[in-house]
Amino acid sequence: MLAGLTAGAVEDAEARAAERPLAVVERDALAQAPARDALAALAPAERVKIIAEVKRASPSRGDLAAIPDPALQAARYQEGGASVISVLTEGRRFKGSLADLEAVRAEVSIPVLRKDFIANAYQVFEARAAGADLVLLIVAALEQPVLAELHELVLELGMTPLVETHSLDEVHRAADIGARLVGVNARNLSTFELDRDLFGRLVEHLPADAVKIAESAVLTPDDVSHYRRAGADAVLIGEALVTNDPVTTLHAFLEAGA
(Lines give C-alpha, C1' and ligand atoms only; values in the text may rest on other atoms or scores of the structure.)
Protein backbone atom coordinates (compact mmCIF):
# COMPACT_ATOMS: atom_id res chain seq x y z
CA MET A 1 0.00 0.00 0.00
CA LEU A 2 2.72 2.49 0.96
CA ALA A 3 4.72 1.75 -2.18
CA GLY A 4 1.63 2.26 -4.32
CA LEU A 5 0.69 5.52 -2.61
CA THR A 6 4.24 6.83 -2.98
CA ALA A 7 4.47 5.81 -6.63
CA GLY A 8 1.15 7.50 -7.35
CA ALA A 9 2.22 10.71 -5.59
CA VAL A 10 5.46 10.78 -7.59
CA GLU A 11 3.59 10.16 -10.85
CA ASP A 12 1.24 13.04 -10.07
CA ALA A 13 4.20 15.29 -9.21
CA GLU A 14 5.85 14.42 -12.51
CA ALA A 15 2.65 15.43 -14.33
CA ARG A 16 2.67 18.77 -12.51
CA ALA A 17 6.37 19.20 -13.33
CA ALA A 18 5.59 18.85 -17.03
CA GLU A 19 3.41 21.97 -16.75
CA ARG A 20 5.40 23.79 -14.08
CA PRO A 21 9.12 22.96 -14.34
CA LEU A 22 11.40 22.59 -11.33
CA ALA A 23 13.13 25.91 -12.09
CA VAL A 24 9.81 27.75 -11.79
CA VAL A 25 8.81 25.96 -8.60
CA GLU A 26 12.26 26.55 -7.09
CA ARG A 27 11.99 30.26 -7.90
CA ASP A 28 8.57 30.44 -6.25
CA ALA A 29 9.80 28.52 -3.22
CA LEU A 30 12.71 30.87 -2.66
CA ALA A 31 10.41 33.88 -3.01
CA GLN A 32 8.20 32.78 -0.13
CA ALA A 33 8.30 34.52 3.23
CA PRO A 34 10.38 32.60 5.80
CA ALA A 35 8.75 29.44 7.13
CA ARG A 36 7.23 29.54 10.61
CA ASP A 37 9.13 27.85 13.43
CA ALA A 38 7.37 24.52 13.89
CA LEU A 39 9.84 23.23 16.50
CA ALA A 40 9.00 26.20 18.72
CA ALA A 41 5.27 25.70 18.12
CA LEU A 42 5.49 22.03 19.14
CA ALA A 43 8.12 22.32 21.88
CA PRO A 44 7.42 20.35 25.09
CA ALA A 45 5.09 22.17 27.46
CA GLU A 46 2.82 21.54 30.44
CA ARG A 47 0.02 20.62 28.07
CA VAL A 48 0.11 18.39 25.00
CA LYS A 49 0.27 20.14 21.62
CA ILE A 50 -2.03 19.12 18.78
CA ILE A 51 -1.39 18.88 15.04
CA ALA A 52 -4.89 19.12 13.56
CA GLU A 53 -5.40 17.59 10.14
CA VAL A 54 -7.48 18.65 7.16
CA LYS A 55 -8.38 15.22 5.85
CA ARG A 56 -11.23 14.29 3.52
CA ALA A 57 -10.60 10.56 3.11
CA SER A 58 -8.11 7.75 3.68
CA PRO A 59 -7.44 4.28 2.20
CA SER A 60 -8.39 2.63 5.49
CA ARG A 61 -11.60 4.56 6.22
CA GLY A 62 -12.81 5.83 2.84
CA ASP A 63 -14.63 9.16 2.76
CA LEU A 64 -14.59 11.05 6.06
CA ALA A 65 -15.82 14.57 5.34
CA ALA A 66 -16.37 16.74 2.27
CA ILE A 67 -14.52 19.80 3.68
CA PRO A 68 -15.59 22.19 0.90
CA ASP A 69 -13.67 25.03 2.59
CA PRO A 70 -10.34 23.78 3.98
CA ALA A 71 -9.38 27.31 5.05
CA LEU A 72 -12.47 27.54 7.27
CA GLN A 73 -11.71 24.10 8.74
CA ALA A 74 -8.17 25.21 9.53
CA ALA A 75 -9.40 28.49 11.06
CA ARG A 76 -11.60 26.50 13.42
CA TYR A 77 -8.62 24.34 14.35
CA GLN A 78 -6.63 27.44 15.21
CA GLU A 79 -9.58 28.78 17.20
CA GLY A 80 -9.74 25.48 19.10
CA GLY A 81 -6.10 25.66 20.16
CA ALA A 82 -4.19 23.60 17.58
CA SER A 83 -0.47 24.36 17.37
CA VAL A 84 0.05 23.16 13.78
CA ILE A 85 -2.28 22.43 10.86
CA SER A 86 -1.63 19.33 8.75
CA VAL A 87 -3.00 19.35 5.20
CA LEU A 88 -3.29 16.15 3.17
CA THR A 89 -2.26 17.08 -0.36
CA GLU A 90 -2.40 13.56 -1.88
CA GLY A 91 -5.24 13.47 -4.39
CA ARG A 92 -5.88 9.86 -5.31
CA ARG A 93 -6.85 8.27 -1.99
CA PHE A 94 -6.99 11.25 0.41
CA LYS A 95 -8.73 13.69 -1.98
CA GLY A 96 -6.43 16.58 -1.10
CA SER A 97 -4.43 19.06 -3.13
CA LEU A 98 -1.76 21.75 -2.96
CA ALA A 99 -4.59 24.25 -3.46
CA ASP A 100 -5.93 23.13 -0.07
CA LEU A 101 -2.55 23.87 1.48
CA GLU A 102 -2.33 27.29 -0.15
CA ALA A 103 -5.82 28.18 1.09
CA VAL A 104 -4.98 27.08 4.63
CA ARG A 105 -1.67 28.93 4.63
CA ALA A 106 -3.45 32.15 3.64
CA GLU A 107 -5.97 31.75 6.48
CA VAL A 108 -4.02 30.78 9.61
CA SER A 109 -1.03 32.20 11.45
CA ILE A 110 0.32 28.93 12.87
CA PRO A 111 2.68 26.51 11.04
CA VAL A 112 1.26 24.32 8.26
CA LEU A 113 2.45 20.81 7.41
CA ARG A 114 2.36 19.33 3.93
CA LYS A 115 1.36 15.72 4.55
CA ASP A 116 1.93 13.63 1.45
CA PHE A 117 4.09 10.83 0.13
CA ILE A 118 7.23 12.86 -0.51
CA ALA A 119 9.96 11.08 -2.46
CA ASN A 120 11.79 13.68 -4.54
CA ALA A 121 13.12 17.24 -4.47
CA TYR A 122 10.37 18.61 -6.72
CA GLN A 123 7.73 17.77 -4.10
CA VAL A 124 9.78 19.53 -1.41
CA PHE A 125 10.19 22.68 -3.49
CA GLU A 126 6.49 22.78 -4.36
CA ALA A 127 5.65 22.37 -0.67
CA ARG A 128 7.65 25.53 0.14
CA ALA A 129 6.23 27.30 -2.91
CA ALA A 130 2.72 26.57 -1.59
CA GLY A 131 3.65 28.00 1.81
CA ALA A 132 4.33 24.85 3.82
CA ASP A 133 6.33 25.25 7.03
CA LEU A 134 6.79 21.50 7.57
CA VAL A 135 7.11 18.51 5.25
CA LEU A 136 6.36 14.89 6.13
CA LEU A 137 9.10 12.35 5.37
CA ILE A 138 8.06 8.71 5.86
CA VAL A 139 11.10 6.60 6.69
CA ALA A 140 9.49 3.38 5.42
CA ALA A 141 8.95 4.93 1.98
CA LEU A 142 12.53 6.09 1.41
CA GLU A 143 15.96 4.55 1.07
CA GLN A 144 18.35 6.02 3.63
CA PRO A 145 20.40 8.17 1.19
CA VAL A 146 17.21 9.67 -0.25
CA LEU A 147 15.78 10.23 3.23
CA ALA A 148 18.96 12.06 4.25
CA GLU A 149 19.00 14.19 1.08
CA LEU A 150 15.36 15.22 1.39
CA HIS A 151 15.76 15.92 5.11
CA GLU A 152 18.66 18.24 4.34
CA LEU A 153 16.76 19.97 1.52
CA VAL A 154 13.76 20.63 3.77
CA LEU A 155 16.10 22.24 6.30
CA GLU A 156 17.92 24.27 3.64
CA LEU A 157 14.58 25.76 2.59
CA GLY A 158 13.92 26.80 6.17
CA MET A 159 11.19 24.25 6.82
CA THR A 160 10.96 21.55 9.47
CA PRO A 161 10.96 17.85 8.48
CA LEU A 162 8.49 15.66 10.39
CA VAL A 163 10.17 12.26 10.17
CA GLU A 164 7.62 9.48 10.56
CA THR A 165 8.58 6.06 11.95
CA HIS A 166 6.81 2.77 12.56
CA SER A 167 9.52 0.53 14.07
CA LEU A 168 12.71 0.56 16.13
CA ASP A 169 14.84 0.27 13.00
CA GLU A 170 13.11 3.31 11.52
CA VAL A 171 13.64 5.25 14.76
CA HIS A 172 17.37 4.52 14.48
CA ARG A 173 17.32 5.68 10.85
CA ALA A 174 15.61 8.93 11.89
CA ALA A 175 18.24 9.47 14.59
CA ASP A 176 21.04 8.84 12.10
CA ILE A 177 19.96 11.82 9.97
CA GLY A 178 19.62 14.09 13.00
CA ALA A 179 15.82 14.33 13.00
CA ARG A 180 14.53 16.86 15.55
CA LEU A 181 10.81 16.24 15.00
CA VAL A 182 9.99 12.53 15.06
CA GLY A 183 6.58 10.91 14.77
CA VAL A 184 5.54 7.37 15.62
CA ASN A 185 2.57 6.26 13.54
CA ALA A 186 0.39 3.64 15.23
CA ARG A 187 -0.94 2.45 11.87
CA ASN A 188 0.81 -0.53 10.32
CA LEU A 189 1.34 0.49 6.69
CA SER A 190 1.16 -3.12 5.50
CA THR A 191 -2.01 -4.25 7.27
CA PHE A 192 -3.47 -0.83 8.25
CA GLU A 193 -4.09 -2.20 11.74
CA LEU A 194 -3.64 0.18 14.68
CA ASP A 195 -1.41 -0.36 17.71
CA ARG A 196 -1.92 2.44 20.23
CA ASP A 197 0.89 1.09 22.40
CA LEU A 198 3.57 1.31 19.69
CA PHE A 199 4.49 4.87 20.68
CA GLY A 200 5.06 3.81 24.29
CA ARG A 201 7.35 0.99 23.22
CA LEU A 202 9.47 3.22 20.99
CA VAL A 203 9.52 6.54 22.85
CA GLU A 204 12.59 5.75 24.98
CA HIS A 205 14.56 5.12 21.77
CA LEU A 206 13.66 8.44 20.14
CA PRO A 207 16.44 11.06 20.09
CA ALA A 208 16.58 12.79 23.46
CA ASP A 209 16.46 16.26 21.91
CA ALA A 210 13.63 15.47 19.50
CA VAL A 211 10.06 16.69 19.78
CA LYS A 212 8.02 13.48 20.02
CA ILE A 213 4.79 13.13 18.04
CA ALA A 214 2.19 10.37 18.40
CA GLU A 215 0.24 9.75 15.20
CA SER A 216 -2.99 7.80 14.54
CA ALA A 217 -5.36 5.94 16.87
CA VAL A 218 -6.60 9.20 18.40
CA LEU A 219 -10.38 9.20 18.54
CA THR A 220 -11.18 10.09 22.17
CA PRO A 221 -9.73 12.20 25.00
CA ASP A 222 -8.55 8.96 26.59
CA ASP A 223 -6.35 8.30 23.56
CA VAL A 224 -4.73 11.71 24.01
CA SER A 225 -4.09 11.16 27.73
CA HIS A 226 -2.72 7.69 26.93
CA TYR A 227 -0.14 9.16 24.56
CA ARG A 228 0.62 12.03 26.93
CA ARG A 229 1.33 9.62 29.80
CA ALA A 230 3.62 7.67 27.46
CA GLY A 231 5.68 10.81 26.78
CA ALA A 232 4.21 12.44 23.68
CA ASP A 233 4.90 16.15 23.28
CA ALA A 234 2.20 16.38 20.60
CA VAL A 235 -0.42 14.25 18.90
CA LEU A 236 -1.57 14.35 15.28
CA ILE A 237 -5.34 14.08 14.94
CA GLY A 238 -7.41 13.88 11.78
CA GLU A 239 -10.54 11.72 11.68
CA ALA A 240 -11.89 12.77 15.10
CA LEU A 241 -11.69 16.44 14.13
CA VAL A 242 -13.29 16.24 10.69
CA THR A 243 -16.19 14.04 11.88
CA ASN A 244 -17.02 16.12 15.00
CA ASP A 245 -17.18 19.80 15.93
CA PRO A 246 -13.49 20.72 15.74
CA VAL A 247 -13.41 23.45 18.40
CA THR A 248 -15.28 21.45 21.05
CA THR A 249 -13.27 18.32 20.27
CA LEU A 250 -9.95 20.16 20.42
CA HIS A 251 -10.82 21.68 23.79
CA ALA A 252 -11.63 18.22 25.18
CA PHE A 253 -8.43 16.74 23.75
CA LEU A 254 -6.25 19.56 25.08
CA GLU A 255 -7.79 19.21 28.53
CA ALA A 256 -7.10 15.47 28.46
CA GLY A 257 -3.49 16.14 27.57
CA ALA A 258 -2.83 18.61 30.39
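Residues numbered from 1 in each chain as written. Predicted model: local features only at pLDDT ≥ 70, side-chain atom pairs only at ≥ 80, totals over all residues. Heavy atoms only, no water.

Our working definition: UniProt positions are given in the numbering used here, feature names are shortened, and annotations may be inferred rather than shown by experiment.
Per an unreviewed UniProt entry, the recorded name for the protein chain is indole-3-glycerol-phosphate synthase, and the organism is Microbacterium plantarum. What UniProt records for the protein chain under Pathway (unreviewed entry) is the sentence "Amino-acid biosynthesis; L-tryptophan biosynthesis; L-tryptophan from chorismate: step 4/5." Check the Catalytic activity (unreviewed entry) section of the UniProt entry for the protein chain; it says "1-(2-carboxyphenylamino)-1-deoxy-D-ribulose 5-phosphate + H(+) = (1S,2R)-1-C-(indol-3-yl)glycerol 3-phosphate + CO2 + H2O".

1. Overview of the side chain of Asn 185
This is how it is decided: Each helix is a run of H or I in the DSSP string that is no shorter than four residues. Each strand is a run of E no shorter than two, and both are numbered from the N terminus. For the purposes of these results, a polar contact is taken to be a pair of N or O atoms within 3.5 Å, where, inside protein, one atom must be able to donate a hydrogen and its partner to accept one; residues adjacent in sequence count only when each atom of the pair is a side-chain atom. Any two residues whose heavy atoms approach within 4.5 Å are treated as being in contact.
With respect to the secondary-structure elements, Asn 185 resides in strand 8 (residues 181-185). Polar side-chain contacts of Asn 185 include one of 3.2 Å to the side chain of Glu 164. One polar contact links the side chain of Asn 185 to the main-chain amide nitrogen of Arg 187, over a distance of 2.9 Å. Residues within four places of Asn 185 in sequence aside, it is in contact with Glu 164, Thr 165, His 166, Leu 198, Glu 215 and Ser 216.

2. Here we look at the UniProt feature "domain: Indole-3-glycerol phosphate synthase" (unreviewed entry) in the protein chain
When the UniProt feature table is mapped to this numbering, "domain: Indole-3-glycerol phosphate synthase" (unreviewed entry) covers residues 9-247. Annotation note: span residues 9-247, helix share 41%, strand share 18%, distance between end C-alpha atoms 31 Å.

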